[in-house]
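Chain by chain, the residues run as shown.
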Amino acid sequence: MKIETIHCLSDNYSYLIFDEKANTVSIIDPSEFSSCDRIISKYKKLDYILNTHHHSDHVDGNLKLKEKYKAKIFGFKNDKNRIPGIDFLLKDGEVSKIGNLKFKVIHVPGHTSGHIAFYFEDEKVVFTGDTLFSLGCGRVFEGTNKEMYQSLIKLKNLPINTKVFCGHEYTKKNLDFCLKYDNSNSQLVEKAKFINSKLNNSLPTIPTTIEEELKTNIFLRCDNHELKKGLGYNQASDQEIFNKLRGLKDAF
Ligand code: ZN
Ligand code: FE
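Engineer: Could you clarify how one ought to interpret the coordination of the zinc ion (ligand 1) in this entry?
Structural biologist: The zinc ion (ligand 1) binds to the protein through His53 (NE2), His55 (ND1), His111 (NE2) and Asp130 (OD); the donor distances cover 2.2 to 2.3 Å. Around the zinc ion (ligand 1) sit four donor atoms; with metal-centred angles ranging over 86 to 172°, the donor geometry is irregular. In the primary sequence, the donor residues of the zinc ion (ligand 1) line up as H-x1-H-x55-H-x18-D. The distance between the zinc ion (ligand 1) and the iron ion (ligand 2) comes to 3.2 Å, and Asp130 binds to both of them. Placement of the pair is His53 in the loop between strand S4 (48-50) and helix H2 (56-59) and Asp130 in the loop between strand S10 (125-129) and strand S11 (132-133), with a sequence separation of 77 residues. Comparing His53 with Asp130 shows no difference in burial state: the two are buried.

If you want it as structure tokens, here you go:
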């Protein structure tokens, strides 16, 4: 599996997946036609489009790419009326394939009600859209904080060496938030060096890994006693900490 990261719009990432053995080309969340097509045209084909959710900055390339390459589109079944050009309706927990590459659908509601993650277990890769970001998580638009937190726990429980490819380059802003509210977390210092060196060289901070996120992503650390203490909520439940942090981040 070869993955190419494609910069789209101001801070979106689409990802091209090339399965060398099967000669299959797929794209995750084509934000816009032209940026994606520039990369796809190197391969002269596009077999599949995979959408994590229906927001326009993740599906706007769908119809033009489908028309040009006759690509087939995968999306969550409940979003069949919201994902342009959808062909294959996916269910939670379902295993499907692009070429020889198997992926599992993980329903992660919260940001939107029909948000899914694509988990390629054999390749140890997950595409998380706008649910899990490097050092952050998506805003809760359609679901509840409880749903979002449960969705993050599903992702948190993936093997720690899983690489995480998310939908936006929000890492720097997320880092600033983590540094402010999780300031006793010494692991953020190393992470900050990594992030700054990437960004100073105009490189993506993505992928991250589940292991990295467990250590540094404040939204995955709501069960951490030190964090609770630092926030002044020793007795709060993990969910209450999440709610508090999500609120603070919305206003950050
Ligand atoms: Zn979104
Ligand atoms: Fe987005």
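Anyway, onward from the coordinates.
Engineer: Explanation requested: the coordination of the iron ion (ligand 2) in the structure shown.
Structural biologist: Each pair of donors in an ideal octahedron of six around a metal sits at 90 or 180 degrees, and each pair in an ideal tetrahedron of four sits at 109.5 degrees. Listed as protein donors to the iron ion (ligand 2) are Asp57 (OD), His58 (NE2), Asp130 (OD) and His168 (NE2); their distances from the metal cover 2.1 to 2.3 Å. For the iron ion (ligand 2), the four donor atoms in the first shell make angles of 84 to 169° at the metal, so the coordination geometry reads as irregular. Along the chain, the residues that donate to the iron ion (ligand 2) are spaced as D-H-x71-D-x37-H. Owing to a relative accessible area of 0%, His58 belongs among the buried residues under this scheme.

Engineer: Any chance you could explain empty space enclosed by the protein here in plain terms?
Structural biologist: Here the idea is plain: a probe the size of a water molecule rolls over the atoms and shows the empty space left. According to the stated counting rule, one finds one cavity of 30 Å³ or more in the structure shown. Its boundaries defined by the atoms lining it, the largest cavity holds a volume of some 30 Å³. Forming the boundary of the largest cavity are Tyr13, Tyr15, Ile28, Asp29, Thr52, Phe127, Gly129, Phe165, Cys166 and Gly167. Going through the elements one at a time, strand S2 (12-19), S10 and strand S13 (163-166) are the ones with two or more residues in the lining of the largest cavity. Each residue belonging to the lining of the largest cavity can be placed in one class, and the counts come to six nonpolar, three polar and one charged.

Engineer: Looking at this structure, how should I read the environment of Tyr181?
Structural biologist: Secondary-structure assignment places Tyr181 in helix H5 (residues 171-181). Remark: the alpha-carbon pair of Tyr181 and Ile218, spanning 37 residues in sequence, is separated by 8.1 Å.

Engineer: Please clarify how the packing of aromatic side chains should be interpreted in this entry.
Structural biologist: Each pair of aromatic rings is reported with the distance of its centres and the angle of its planes. Here the structure, examined in full by the defined rule, presents 17 aromatic pairs. On the basis of an interplanar angle of 40° and a centroid distance of 6.2 Å, the ring pair of Tyr13 and Tyr15 is categorised as tilted. When its relative accessible area of 2% is taken as the criterion, Tyr13 is described as buried. Relative to Phe103, the ring of Phe74 has its centre 5.5 Å away and its plane inclined at 90°; by these criteria the two rings are edge-to-face. Here Phe74, found in strand S5 (residues 72-76), pairs with Phe103, found in strand S8 (residues 101-107); they are 29 residues apart in sequence, far enough to count as distant. Looking at Phe74, the relative accessible area reads 4%, which means it is buried. Taken together, the ring pairs in this structure connect Tyr13, Tyr15, Tyr48, Phe74, Phe88, Phe103, Phe118, Phe120, Phe127 and Phe165 into an aromatic cluster. The lysine or arginine in question, Lys249, covers the ring of Phe177, its NZ or CZ lying 6.0 Å from the ring centre.

Calculation criteria
Residues numbered from 1 in each chain as written. Chains lettered and ligands numbered in written order. Predicted model: local features only at pLDDT ≥ 70, side-chain atom pairs only at ≥ 80, totals over all residues. Heavy atoms only, no water. Donors = N, O, S within 2.8 Å, 3.2 Å for Na, K, Ca; no water. Tetrahedral: all angles 85-135°; square planar, octahedral: opposite > 155°, others 65-115°. Helix = DSSP H or I, 4+ residues; strand = E, 2+ residues; numbered from the N terminus. Buried < 20%, exposed > 50% of the residue type's maximum accessible area, 1.4 Å probe, protein only. 1 Å grid on protein atoms, 1.4 Å probe; cavity = no way out; pocket = protein on both sides within 12 Å on 5 of 7 lines; lining within 4 Å. Points joined across faces, edges and corners; volume = space filled by probe spheres on them. Nonpolar A, V, L, I, M, F, W, Y, C, P; charged D, E, K, R; others polar. Phe/Tyr/Trp six-rings, centres within 6.5 Å; stacked < 30°, edge-to-face > 60°. Lys NZ or Arg CZ within 6 Å of the ring centre and 35° of its normal.

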